[in-house]
Amino acid sequence: MNKLDKQYTDLLQDILDNGVKKQDRTGTGTISVFGRQIRHKMSEGFPLLTTKKMAWKTMVTELLWFLRGDTNIKYLVDNDCHIWDGDAFKNFMTTSEGDPDMIWNQDQFIHLIKTNDEFAKEWGELGPIYGKQWRSWNTKQFESLNDGNFGYRYNDVRIDQIQNLINDLKTNPDSRRLMVSAWNVGELDQMVLPPCHYGFQVYTRELSLEERLQVWNIKFGFTNEEQKNQFDPNVHLDTHGVPTRAISLMWNQRSVDTFLGLPFNIASYGLLLEIIAKIVNMVPDELIGNLGDVHLYSNHIEQAKEQIGRKYTFEERELMLKDAMSWRLYNKAVNELMPFGGGMSEYYDAHKIPYHTKEPFPLPTLKHMKTNEFYKSLGEDLSLITHLDNSDFELENYQSHPSIKAPLSN
């Protein structure tokens with residue numbers, strides 16, 4: 001059962017019912033609630049919403065951009081990902097001292113980013129945002145000179161938080177310090193936009209024997225009863241590298257564009273959890289989002305209502321059942337049941353007649369196209385992240401309702 005879409009549409013309804021009007025930096029205006037949470041068990045499917053069609057490859061491209069440590073939109077634009085176009089263009093229009101007639105709209109700006117490397121190098125840069133903080137956090141390291149005069153100096157040091165996280169997961173998986181932060185107070189004023197999702201923490205636990213056996217059966221299975229009878233878990237599970245631990249991820253988000261941004265955030269951190277789990281050979285367990293200012297922009301209200309949908313009336317459901325059964329069989333069933341006080345609920349269930357206009361589809365599953373050997377190498381050398389692209393993550397059995405367009409506020 002897809003519980004994720006239900007949580008999400010309940011959150012939309014919560015904002016519509018309880019949100020207070022607030023002004024915001026974009027001038028659009030919002031209705032907002034504070035302090036909400038999303039929880040999802042990864043075993044129930046990959047967390048990509050089905051109540052509207054999601055731009056899967058766009059989301060994957062952005063996450064890989066973060067993991068590469070990149071902060072220039074050139075990579076995004078070249079890979080047809082336009083999430084950050086508006087922020088880059090706004091920054092250009094605000095800070096550029098060039099000829100105001102040279103660029104007069106965002107499309108022209110993006111064309112230059114794509115075709116002019118020098119222009120892209122200067123104006124595609126967004127400052128020390130997510131990728132910079134994840135992979136290259138700047139700090140100073142104290143060093144004693146040992147020169148007899150008590151001399152010292154501070155050296156510039158860059159911290160790769162993602163590599164450190166992976167190393168710690170391998171050596172100290174029960175640590176309570178398995179955290180990555182993008183909220184660098186000393187560099188916020190250099191960013192075109194301070195981080196909305198500002199940090200995440202991971203948590204691991206040991207798998208029970210039953211859980212490990214379940215992983216074995218999913219990955220390897222038994223070809224016949226004889227093989228099953230000869231199976232020795234103490235030998236086969238470790239020999240075949242069956243994970244011994246499960247890993248969960250919790251992210252924190254100060255500002256939540258609930259209609260456009262949150263569906264991407266959920267799927268993005270779900271994919272990040274999958275990637276980290278692959279690298280350290282653990283089973284993805286639970287994904288949790290702690291949400292601060294949870295809002296709908298004033299120009300997203302109708303779209304949110306469309307995604308929530310409405311309940312079908314009895315008459316509408318009855319008509320769907322008649323069409324599914326054929327009117328003749330429907331009338332026959334009614335005549336057989338009604339005189340004896342029977343109901344038609346089993347027929348509605350058997351023909352999967354929906355209760356709601358936006359009934360969620362089952363969640364998809366994620367298939368990693370790269371080998372386990374690649375992920376093992378990636379854990380040793382994160383520069384290999386450049387060998388990943390959005391074609392290396394394939395969704396299986398993704399069904400959704402149509403996409404719902406809404407303007408992005410920058």
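Predicted, not measured: the structure shown is a model, and the values here were computed from it.

**Some details on the packing of aromatic side chains**
Counted under the stated rule, the structure contains 16 aromatic pairs. Geometrically, the ring pair formed by Phe46 and Trp56 is edge-to-face, given 5.3 Å between the ring centres and 85° between the ring planes. You can see Phe46 sitting in the loop between strand E2 (30-41) and helix H2 (56-68) and its partner Trp56 sitting in helix H2, a full ten residues away along the chain. Given the relative accessible area of 10%, Trp56 is considered buried. Centre to centre, the rings of Trp84 and Tyr130 are 6.2 Å apart; their planes meet at 70°, and the pair counts as edge-to-face. One end of the pair, Trp84, is in the loop between helix H3 (74-78) and helix H4 (85-95); the other, Tyr130, is in helix H7 (residues 130-135), and 46 residues separate them in sequence. One aromatic cluster is present, built from ring pairs that chain together Trp65, Phe66, Trp84, Tyr130, Trp134, Phe200, Trp251 and Tyr269. Against the face of Phe259 rests Lys52, its NZ or CZ located 3.6 Å from the ring centre. Lying over the aromatic face of Phe374, Lys370 brings its terminal NZ or CZ to 5.2 Å of the ring centre.

**A few points about helix H17 (residues 372-380)**
Among the residues making up H17, those that are buried are Phe374, Tyr375, Leu378 and Gly379. Down the axis of H17, the buried side of the element spans an arc of 140°, and every buried residue falls inside it. Among the exposed residues of H17, those oriented more than 90 degrees off its buried face are Glu373, Lys376 and Glu380. For H17, the elements touching its buried residues are helix H8 (161-171), helix H12 (261-280), strand E9 (365-368) and strand E10 (393-396).

**Some points on the environment of Trp65**
Topologically, Trp65 is positioned in helix H2. The sequence separation of Trp65 and Asn224 amounts to 159 residues, and the corresponding C-alpha distance is 45 Å. Here Trp65 is in contact with Asp70, Thr71, Asn72, Ile73, Tyr75, Leu76, Trp84, Leu126 and Ile129, once residues within four sequence places are set aside.

**What about the side chain of Asp160?**
Its place among the elements puts Asp160 in the loop between strand E4 (152-159) and H8. When its relative accessible area of 18% is taken as the criterion, Asp160 is described as buried. A polar atom in the side chain of Asp160 sits 2.8 Å from the side chain of Arg135. At 3.3 Å, the side chain of Asp160 forms a polar contact with the backbone nitrogen of Ile162. Not counting chain neighbours up to four residues away, the residues in contact with Asp160 comprise Trp134, Arg135 and Leu382.

**A few points about the environment of Val242**
In this structure, Val242 sits in the loop between helix H11 (233-239) and strand E7 (245-257). Residues Val242 and Leu213 lie 29 residues apart in sequence; the distance between their C-alpha atoms is 8.6 Å.

**Some remarks on the side chain of Asp87**
Within the element layout of this structure, Asp87 appears in helix H4. For Asp87, the residues in contact, after removing those within four places along its chain, are Val192, Leu193 and Asn410.

**Let's talk about a nonpolar patch on the surface**
On the surface, Trp183, Val185 and Tyr198 cluster together to form a nonpolar patch covering roughly 280 Å² of accessible area. Following the sequence through the fold, Val185 ends up in the loop between strand E5 (179-181) and strand E6 (197-206). Look at Val185 and you get exposed, because its relative accessible area is 61%.

**What to know about the state of the cysteines**
With the rule as written, the count across this model stands at zero disulfides. In this structure Cys81 is a free cysteine whose sulfur lies 15 Å from that of Cys196, the closest cysteine sulfur available. With relative accessibility at 18%, the residue Cys196 sits in the buried group.

**What about the packing of H12 against H17?**
Closest axis-to-axis distance for the H12/H17 pair is 7 Å, and the angle between their directions is 90°. Judged on the interaxial angle alone, H17 and H12 are roughly perpendicular. Contact residues: Ile275, Lys278 and Ile279 in H12; Asn372, Tyr375, Leu378 and Gly379 in H17. Classifying every residue of the contact of H12 with H17 gives four nonpolar, two polar and one charged.

Thresholds, definitions, all that
- Residues numbered from 1 in each chain as written.
- Predicted model: local features only at pLDDT ≥ 70, side-chain atom pairs only at ≥ 80, totals over all residues.
- Heavy atoms only, no water.
- Phe/Tyr/Trp six-rings, centres within 6.5 Å; stacked < 30°, edge-to-face > 60°.
- Helix = DSSP H or I, 4+ residues; strand = E, 2+ residues; numbered from the N terminus.
- Buried < 20%, exposed > 50% of the residue type's maximum accessible area, 1.4 Å probe, protein only.
- Lys NZ or Arg CZ within 6 Å of the ring centre and 35° of its normal.
- Arc of directions from axis to C-beta.
- Contact = heavy atoms within 4.5 Å.
- Polar contact = N/O pair within 3.5 Å; in protein donor to acceptor, adjacent residues only side chain to side chain.
- Patch = residues over 30% accessible without salt bridge, like charges linked within 9 Å, V, L, I, M, F, W, Y side chains within 5 Å.
- Areas by Shrake-Rupley, 256 points an atom, 1.4 Å probe, with all protein chains shown as cover.
- Salt bridge = Lys/Arg side-chain N within 4 Å of Asp/Glu carboxyl O.
- Disulfide = S-S within 2.5 Å.
- Axes fitted to C-alpha atoms, helices over the stretch in contact; angles between N-to-C directions.
- Parallel < 35°, antiparallel > 145°, perpendicular 65-115°, else oblique.
- Nonpolar A, V, L, I, M, F, W, Y, C, P; charged D, E, K, R; others polar.

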